[in-house]
Amino acid sequence: MANSLRFLFFLLPISCCLLPTFVFSQYTKYWIQFTDKNNSPYSLSTPSAFLSSRAIQRRLNQNISYAQNDLPVNPAYYNSVENVPNVTVINHSKWFNAVTIYTTDTNALNTINAFSFVAATKPVARYKRDGGVEEKFATPSSSPLREEKDVLTPSTLGKVGMGWHSTYNYGPAFNQIDMIGGVCLHDQGFDGVGIHIAVLDAGFYKVDSLPIFDSLRTNGQILGTWDFVDHDTMVYDSHTHGTMVLSTMGGNAPGLIVGTAPKAKYWLFRTEAGSSEFVIEEDNWVSAAEYADSAGADIVTTSLGYTVFDSVLVDSILVVNPDNHTYADMDGNTARISIANDIAVSKGMFAVCSAGNSGGSPWNFIGAPADADSVLAVGAVDSLGNYAWFSSNGPSYDGRVKPNVAAQGQASVVSDATAGGIAYLNGTSFAGPITAGMVACLWQAHPTSTNMQLFDAIQQTASMFSNPDTLLGHGISDFCAASLILAIEENIAASNEVFTIYPNPFSESTVVSIKGINAYGLELDVYDLLGNLVHKQKLSGQTVTLNLKVAKGVYSIRLKDGSRSYSAKLLKY
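Residues numbered from 1 in each chain as written. Predicted model: local features only at pLDDT ≥ 70, side-chain atom pairs only at ≥ 80, totals over all residues. Heavy atoms only, no water.

Caption draft 1: Spatial organisation of the environment of Asp 283. If you trace the backbone, Asp 283 turns up in helix H8 (residues 280-295). With relative accessibility at 2%, the residue Asp 283 sits in the buried group. Measuring from C-alpha to C-alpha, the distance between Asp 283 and Trp 31 comes to 8.5 Å, with 252 residues separating the pair along the chain. Leave out the neighbours within four places in its chain, and Asp 283 touches Trp 31, Thr 100, Val 124 and Arg 336. Among the polar contacts made by the side chain of Asp 283, one reaches the side chain of Arg 336 at a distance of 2.7 Å. (Helix = DSSP H or I, 4+ residues; strand = E, 2+ residues; numbered from the N terminus. Buried < 20%, exposed > 50% of the residue type's maximum accessible area, 1.4 Å probe, protein only. Contact = heavy atoms within 4.5 Å. Polar contact = N/O pair within 3.5 Å; in protein donor to acceptor, adjacent residues only side chain to side chain.)

Caption draft 2: Up close: the environment of Gly 305. Relative to the assigned elements, Gly 305 resides in strand S14 (residues 304-305). In this structure Gly 305 comes out as buried when scored by relative accessible area, which is 1%.

Caption draft 3: Spotlight on the sheet that holds strand S27 (residues 553-561). Here four strands make up an open sheet; going across it, the order is S25-S24-S27-S28 and the pairing antiparallel. Only two strands of the sheet have a single neighbouring strand rather than two, namely strand S25 (533-538) and strand S28 (564-572). On average, each strand axis in the sheet is tilted by 20 degrees relative to the strand beside it, whichever way the strands run. Note that S27 and S28 share nine bridges and pair antiparallel. Along S28, the bridge assignment pairs Gly 553 with Lys 572. (Pairing = 2+ DSSP bridges. Axes fitted to C-alpha atoms, helices over the stretch in contact; angles between N-to-C directions.)

Caption draft 4: Structural view of the sheet that holds strand S13 (residues 299-302). As summarised here, the arrangement of the seven strands in space is S9-S12-S8-S13-S17-S18-S19, forming an open sheet in which the pairing is parallel. Taken across any chain shown, the strands that pair with only one partner, and hence form the sheet edges, are strand S9 (222-227) and strand S19 (405-408). Strand-to-strand twist of the sheet, defined as the mean angle between neighbouring strand axes without regard to direction, takes the value 25 degrees. Where S13 and strand S17 (residues 350-354) come together, four bridges link them in parallel fashion. Bridge assignment links Val 300 to a residue of S17, and that residue is Ala 351.

Caption draft 5: Spatial organisation of the pairing of strand S24 (residues 523-528). Counting buried residues along S24, five of its six residues qualify, which places the element largely inside the surrounding structure. Direction of pairing for S24 relative to S25: antiparallel, over a ladder of five bridges. By the bridge assignment for S25, Tyr 527 is matched with Leu 533. What sits between the antiparallel neighbours S24 and S25 is a turn of four residues, in which Gly 531 has the positive phi angle 85 degrees. Here S24 pairs with S27 via five bridges, running antiparallel.

Caption draft 6: Focus on the pattern of salt bridges. If you walk through the whole model with that rule in mind, you get 14 salt bridges. Note that Arg 59 is salt-bridged to Asp 70, the shortest N-O span being 2.8 Å. Within this pair, whereas Arg 59 is found in helix H1 (residues 53-61), its partner Asp 70 is found in the loop between H1 and helix H2 (75-82), the two being separated by 11 residues in sequence. When its relative accessible area of 0% is taken as the criterion, Asp 70 is described as buried. Across the salt bridge formed by Asp 525 and Lys 536, the nearest N and O atoms sit 3.5 Å from each other. Residue Asp 525 is found in strand S24, and its partner Lys 536 is found in strand S25; the two are separated by 11 residues along the sequence. On the basis of relative accessible area, Lys 536 is assigned to the partly exposed category, the value being 46%. Here the salt bridges do not stand alone but share partners, grouping Arg 58, Arg 59, Asp 70, Lys 94, Asp 293 and Lys 347 into one network. (Salt bridge = Lys/Arg side-chain N within 4 Å of Asp/Glu carboxyl O.)

Caption draft 7: The arrangement of the state of the cysteines in detail. All told, the structure shown has one disulfide when counted by the stated rule. The disulfide partner of Cys 184 is Cys 480, and the S-S distance across this bridge is 1.9 Å. With Cys 184 in helix H5 (residues 182-187) and Cys 480 in helix H12 (residues 479-490), the pair connects residues that are 296 residues apart, well separated along the chain. Taking the relative accessible area as the measure of exposure, Cys 184 reaches 27% and is therefore partly exposed. (Disulfide = S-S within 2.5 Å.)

Spelled out as structure tokens, the structure:
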């Protein structure tokens, strides 16, 4: 029996994880790799020809230069392939300089291989399974991971009294947001306004009609859709997984569920086919991420992951798919989807993905793209912050900390696409987007920060930052504390003109020297990462010695001079 374990990180019961072996028809989809982009009509000097104004502004905001992989595939190459009889171009990739085609004609492939600008062709998918198809993401109602008695519908809305706060009535979703400092940011007015999130998933069943997404539809918060599997705009008729994922970010049904970024705007892209597993799904993801980049998305989040693929038929014998990944491939530089995540980050986007649900299984480790260097891979904890038994383990094959952080993925509150209410479900599929929504709020609060400044702040405030492990990485992040770190960094230029602090880091005491302003009579305050005042002192001169009786950790020092304020970071060890 072939191991066709499919990591769409919504946890399946163990009995569903090993799918039966099927016999397949011949390959019908191929990756066509081009040699170059020579003589292209596009130029890096005119980026508006291939990037939206938002995409250009994102690069300008982060001082990112245009690169060769920003240029689209050469139209002459594209057209030459498309004009071959019996060939349909279904996707294209500027980052990898390639197209994906559909054909059943061997002569057509020979013609394409003969083109001087074609470096290689590679089969990436078969057209169909011969025989019955088992829905690989289906969760039987008898599954212990989904208890129907815990499904809440709109009729129970008035009966749910938990989770009310000053800004939102979160209902049962309160814990999964508050655990990572989300309620704190919401109360400060940061709920995703102005941030665009691209969600890449297996489908968004009924998002166009479910009450939980009323506000997204009414307020024009769904920017657009595209199905990279079926090549049309209809993503609302395929799979419920993306529906549940989206609800943890964009859901807004007071008292029932509120997502982490209810005011953000969303691109909804279907890249994953539910009935088969081939490397073309990674290629679909690449095309969708490139679309998100060009359209100006700020964040790309996915609860998909890949390790092994469907077996293939060679000379009437089923063999292991040559595209299968091994743990050695989990180095961030092998799987195409992992490389693409890093490219997305290089364009200024913030990439979030779920770590996987392989904990305790023979594979056990993260899959692609969680291994990517610059992606924030999110593991799962339960409602009390304890490691969830199914969450995939790190490290990456080359020894990096993975997952990066963790959020609630056990008994997560998500949309129930069939009943129209909510359900409590397990999976790092939900820990990932819960975190991605908070990234949107954090970026709204600090729009001048770069994606990697956000990344670093999120990790620095995690509960296990100083002692990461292979289960939860750096632990559970505190986005409210991350906001404080970024606020300090935003003032660092001005602060450097005012503060000289030595030693820093310090163990017992440190000396603060102030220049450029008259410090006499001003008040110097020290705060911890949660914003609690831990020390207050009036200045009698330009130099002061701080003897701080506080725990080891990161603190901020603040000085206010009329309408101007200055901040700096302190580290006690």
